[in-house]
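# Fold and geometry: a report
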Amino acid sequence: MSVRYLGHCAFLFEEATGESLLIDPFGNGSPEYDHWFLKPFPSLEVDLVALTHDHFDHNAAPVLPEGTPKLNREGTMQVGNTTITGVNDVQSGSSGRSGTENIIYVVEHEGVRYCHIGQNRHNIPDNVTERLGRVDVLMVPVDDSCHLLTYDEVNHLVESLSPMVVIPMHYRVEGLSTADAELEGPEGWVRTQSPRRTMRRSSFRIDRRGLPYEREVWTIPAELAG
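The rules behind each value
Residues numbered from 1 in each chain as written. Predicted model: local features only at pLDDT ≥ 70, side-chain atom pairs only at ≥ 80, totals over all residues. Heavy atoms only, no water. Helix = DSSP H or I, 4+ residues; strand = E, 2+ residues; numbered from the N terminus. Rg over C-alpha atoms; globule rule 2.2 N^0.38 Å. Buried < 20%, exposed > 50% of the residue type's maximum accessible area, 1.4 Å probe, protein only. Contact = heavy atoms within 4.5 Å. Areas by Shrake-Rupley, 256 points an atom, 1.4 Å probe, with all protein chains shown as cover. Lys, Arg positive; Asp, Glu negative; His and termini not counted. Charge placed at Lys NZ, Arg CZ, Asp CG, Glu CD. Phe/Tyr/Trp six-rings, centres within 6.5 Å; stacked < 30°, edge-to-face > 60°. Lys NZ or Arg CZ within 6 Å of the ring centre and 35° of its normal. Salt bridge = Lys/Arg side-chain N within 4 Å of Asp/Glu carboxyl O. Pairing = 2+ DSSP bridges. 1 Å grid on protein atoms, 1.4 Å probe; cavity = no way out; pocket = protein on both sides within 12 Å on 5 of 7 lines; lining within 4 Å. Points joined across faces, edges and corners; volume = space filled by probe spheres on them. Nonpolar A, V, L, I, M, F, W, Y, C, P; charged D, E, K, R; others polar. Core = buried A, V, L, I, M, F, W, Y, C linked by side-chain atoms within 4.5 Å. Axes fitted to C-alpha atoms, helices over the stretch in contact; angles between N-to-C directions.

This brings us to the overall build of the protein. Within the protein, the regular secondary structure consists of 3 helices and 14 strands. The C-alpha radius of gyration of the protein comes to 16 Å, within 12% of the 17 Å expected for a compact globule of 226 residues. With the C-alpha coordinates aligned to their principal axes, the bounding extent of the protein is approximately 45 × 40 × 35 Å. Split into buried and exposed, the 226 residues of the protein put 54% on the buried side. Sequence separation of at least 24 residues holds for 60% of the intrachain contacts in the protein that already meet a minimum separation of 6. About 10200 Å² of surface is accessible on the protein, with carbon and sulfur atoms providing 44% of the total. Taken together, the 19 basic and 33 acidic charged side chains of the protein have centroids lying 6 Å from each other.

In structure tokens form, the structure reads like this:
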């Protein structure tokens with residue numbers, strides 16, 4: 001499976017046989033938030049779009065072709081040989097939408113389990129953690145303005161889910177995000193982590209044997225910023 005980081009919190013999962021799954025396409029919102037992104041999200045043809053919560057920078061499903069199947073609730077769906085499971089929790093206390101619903105998604109393909117946390121709080125209850133199960137790759141909000149989570153909260157979340165790969169998301173991307181978004185890059189937090197890798201490409205492939213032996217932080221360039 002190929003995983004492509006498109007920018008902000010948007011990830012595209014593509015099987016070699018062509019089936020695809022998209023999580024959290026973004027777009028500019030109401031007049032108050034109409035200058036977050038320099039580029040519109042493309043009208044991708046995917047087999048399923050999953051939305052962590054109903055906010056403009058995560059819920060731009062209407063830009064996709066009409067009739068694209070959508071998942072925005074708890075439950076499990078199958079896309080080719082990939083399973084996606086939504087688990088309900090609530091958003092972070094500093095998100096401005098504290099306590100409102102957030103769906104955490106676990107995507108599993110050939111034994112590798114990816115967890116897209118959305119804007120979830122850092123102190124996930126044990127019963128929710130148990131439902132998420134093993135996490136190999138974690139996509140988590142990180143930016144140096146601490147717009148959603150503080151560094152300590154990011155670290156707590158990582159430790160509680162114990163992934164082998166951590167991928168920052170929801171940060172300012174040069175060429176895609178504007179200053180109006182009031183986000184910064186992830187570099188300050190990333191410098192506190194070791195080992196870490198700066199990827200040259202916006203996509204990666206990984207299997208169970210390819211997971212690192214110790215936790216790594218991967219910073220991935222956003223495809224839509226190019």
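Moving on, we come to the packing of aromatic side chains. Applying the stated criterion across every chain, the model contains 8 aromatic pairs. Seen in terms of ring centroids, F26 and F41 are 5.0 Å apart; in terms of plane orientation they differ by 85 degrees. Their pairing is edge-to-face. Residue F26 is found in the loop between β3 (20-23) and β4 (48-50), and its partner F41 is found in the loop between β3 and β4; the two are separated by 15 residues along the sequence. Across the pair, exposure class does not vary: F26 and F41 are buried alike. An aromatic cluster is present here, built from F26, W36, F37, F41 and F56 joined pairwise through their rings. The lysine or arginine in question, R197, covers the ring of W218, its NZ or CZ lying 4.7 Å from the ring centre.

This paragraph deals with the pattern of salt bridges. In the structure shown here, the tally under the stated rule is 10 salt bridges. Between R131 and E74 there is a salt bridge; the shortest N-O distance is 3.0 Å. In this pair, R131 sits in helix α1 (residues 126-132) while E74 sits in the loop between β5 (70-71) and β6 (75-79), placing the two residues 57 residues apart along the sequence.

A separate point is the sheet that holds β5. The sheet built from 6 strands is open, its strands ordered β5-β4-β3-β2-β1-β13 with mixed pairing. Across the chains shown, the open sheet's two edge strands, defined by having one partner strand only, are β5 and β13 (203-205). The pairing of strand β1 (residues 2-7) with β13 spans 3 bridges and is classified as antiparallel. The residue bridging R4 from the neighbouring strand is S203, located in β13.

Right, let's get into the environment of T76. Structurally, the position occupied by T76 is in strand β6. Put simply, T76 and G86 are 10 residues apart on the chain and 6.3 Å apart in space, counted from C-alpha to C-alpha.

With 5 bridges connecting them, β6 and strand β7 (residues 82-90) associate as antiparallel partners. The partner of G75 across the bridge, within β7, is G86. Remark: 2 residues form the turn of the hairpin made by β6 and β7, two consecutive strands paired antiparallel; G80 in that turn has positive phi of roughly 60 degrees.

Next up on the list: the layout of surface pockets. Leftover empty space is mapped by rolling, across the atoms, a probe with the size of a water molecule. By volume, the largest pocket amounts to about 190 Å³. Taken together, 14 residues line the largest pocket, and the ones lying closest to its centre are L51, H53, D54, N59 and N72. Split into classes, the residues belonging to the lining of the largest pocket amount to 4 nonpolar, 6 polar and 4 charged.

In this structure, F13, I84, Y114, I117, M139, I167 and F204 are the most contacted members of the largest nonpolar core, which totals 73 residues. At 5 residues, strand β8 (residues 101-109) tops the list of elements feeding residues into this core. If sequence neighbours within four positions are ignored, I117 has contacts with N102, I104, I124, L138, M139, V140, P141, L157, L161 and M169.

Put simply, S194 and P195 share a cis peptide bond, and its omega is -5 degrees. One non-glycine residue, S162, adopts positive backbone phi at about 55 degrees. On the accessibility criterion, S162 (42% relative accessible area) is partly exposed.

Spatially, β6-β7-β8-β9-β10-β11-β14-β12 is the arrangement adopted by the 8 strands of the open sheet, whose pairing is mixed. Looking at the sheet topology across the chains shown, the edges are occupied by β6 and β12 (196-198). The sheet shows a mean angle of 20 degrees between the axes of neighbouring strands, direction not considered. Two strands pair when backbone bridges link them, and β7 and β8 are joined in this way by 9 bridges, in the antiparallel orientation. Looking across to β8, one finds that V87 is bridged to I104.

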